[in-house]
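Given next are the chains, with one letter for each unit.
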Amino acid sequence: MYKFYILLAIWVFSNSIFAQTLKDGFNEEFLKMRVKQLDEFVKRFNYETDIEGNPIADRNNVQKRKGYIISLFDYELLINKSNDSLQKYNQFLDAVANPNAPVFLNYHDSNWYAVADCKVKLNGKLTKLRLVLQTEKDKKQNKHWVIRSVRADFLSLQPKKVDDSKFISPVSHELNFMDLHKITTEERANIVHYAPEDFQVDERNVFFYLIKTGQLQIEHVERIVYHFLQVPGFIFTVQHIERDSNNVGWLTSNLMPQTLTQKKTYKSSVLSLNQ
Amino acid sequence: MNTKLIFSLLIIVLLSAHGRVIAQPDEEVPLTDDDIKQFKERAGVMIDSFQDYLSIIGSKERPKEVKVYYADETLELFIRKGERVTMEVSSTRRTYPTRYPLKTYLQRLANLRYAKVEIKQAGIYHISNFYKVGENKYRAVASIFQQFCGYSRYGDRYVKRYCDVTKKTIEIYIYLMETWNGEKYWIVKLGDISVADTTPAY
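Remember, predicted model here, so these are calculated numbers, not experimental data. Numbers given to residues run from 1 along each chain, matching the order in which its sequence is written. Written order determines the labels here, with chains lettered from A and ligands numbered from 1. Confidence filtering applies because this is a predicted model: local features only for residues at pLDDT of at least 70, side-chain atom pairs given and counted only at 80 or more, and all residues used for totals across whole chains, interfaces and linings. Excluding hydrogens and water, the side-chain values take into account all heavy atoms of the structure.

Visitor: Report on the pairing of strand β7 (residues 137-154) of chain B, specifying residues and quantitative values.
Guide: All names here are of chain B. For β7, the buried fraction is high: 13 of the 18 residues fall into the buried class. For two strands to be treated as a pair, DSSP must find no fewer than two bridges joining them. Think of it this way: any DSSP run of H or I at least four residues long counts as a helix, any run of E at least two long counts as a strand, and we number them from the N terminus. Relative to β7, strand β4 (residues 116-121) is paired through 6 bridges, and the arrangement is antiparallel. What sits directly across from K116, in β7, is Y151. As paired strands, strand β5 (residues 126-127) and β7 are joined by 2 bridges and run antiparallel to one another. Residue I127 lies in a different strand from β7, and its bridge partner there is A142. Looking at chain direction, strand β6 (residues 131-134) and β7 are connected through 3 bridges and run antiparallel. Among the inter-strand pairings, Y131 is bridged to a residue of β7, identified as R139. Here β6 folds back onto β7 in antiparallel fashion, the turn holding 2 residues, of which N136 has a positive phi close to 60°. Only protein chains enter the calculation, and the probe is 1.4 Å; a residue is then buried if its accessible area is under 20% of its type maximum, exposed if over 50%, and partly exposed in between.

Encoded structure:
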């Protein structure tokens, strides 16, 4: 059955599967099919609007919705794949378009994230940094994005090696804590050794400090991947794909079956959300 | 002193006569579906005008005073009359877009070496949902496709020197204002413009 949806999607989005790109100018049909914004991705995924952006009246049509959802996949994931490897897509469609509990994506959902890979300048030198952003709504229902986590090698305060010999002497008070000077000069790289055992570094603090003191600037965002964790049993990612095809724009670039426990691990390992 | 007073009074009278904005209202005014539809239409018209003005500003064959007039008209379309508005510019020759303050971008466009500049916009575009960002303040974005072509002139003939098609995303500001006599109305303005997917066009 899932092959039917794949074929349907190919038919919907590729009346002419011939290669087309922006260089062909304003081919309006081509531009209609392109998923131009994440907003448009969500509206098609939810089966709210059709390809032309018109509201869909028959929103409960499960079969058509499945066709739309499949059409939002990067075809590379689907074409020339074995039946077994396509099985997860079928399960995903069933989970999303479940007539009893359909899943709709919403801007206000608390379990989707934007991962932005940034080129940054640290003290004048170019390097890389990854930001994880999430939408937030305040008490007055105002919306905005917030920085949930940040990751870069240079933000880590952890020393390369754990060294038990690094501590402030138990009698340091009798010496007026004179070793503090040595710790903050010769032992700078090991500074977290001098914090309590339960000390947790939130790299955002380091990031914000570097920004505030003018040592760090974000030059530009090189790549954005959106991670959606809303569908029971799955995580999927969406990113911008540009190539010689009608299947371009913001598309599902990866689909991972994930249990609740795996989602928790994913949040911590991939999205660094333990910060 | 008298001159100053007369001048101040004149300003007040002029503002009153035209029902000009004096404040942002305190209470929340909900947006209706009709409002949103109208905002989308207004934003679409403003983006069309913006593209038309850019063609005029970029053309060598337009007199300077005409270009200055349309540069001012362009700034009027933007939030804070273009102050602190950033315009990203891309080229098929560069990997990453370059950012300019809007005013600088317009000056650079006016000084381009092309005899004629054609900036066209595709009929297809997408305007996102409107997101509340404050009391009676909303933001959205519009994605458009723009074709930019620059021509040199040889006698009576124009020869295409450069042409690209670019996807641009334009931030849209919507906010409510109130006139001196309590009349409330919505303002739509354009904001920062980002660029993506620049490809050569033929």
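Visitor: Could you give an account of the environment of K119(A), naming the residues involved and the relevant values?
Guide: All names here are of chain A. Residue placement: K119 occurs in strand β1 (residues 112-122). On a C-alpha basis, the gap between K119 and R223 in space is 9.6 Å, while along the polypeptide they are 104 residues apart. Residue contacts are defined here by distance: any two heavy atoms, one from each residue, within 4.5 Å place the two residues in contact. Setting aside its immediate chain neighbours within four residues, K119 contacts L126, T127, K128, I218, E219, H220 and E222.

Visitor: How would you explain a nonpolar patch on the surface if you had to name every residue and give the values?
Guide: Residue and element names in this part refer to chain A. Residues enter patches when they are more than 30% accessible in relative terms and free of salt bridges; like-charged ones are connected within 9 Å and nonpolar ones (Val, Leu, Ile, Met, Phe, Trp, Tyr) within 5 Å. Per-residue accessibility takes into account occlusion by the displayed protein chains alone, with areas from the Shrake-Rupley method and a 1.4 Å probe. Throughout this description, the term salt bridge denotes a Lys or Arg side-chain nitrogen within 4 Å of a carboxyl oxygen of Asp or Glu. Taken together, I168, F177 and L180 make up a surface patch of nonpolar side chains, about 240 Å² in accessible area. Positionally, F177 belongs in the loop between β3 (143-151) and α6 (179-183). Relative accessible area serves as the criterion here: at 41%, F177 is assigned to the partly exposed category.

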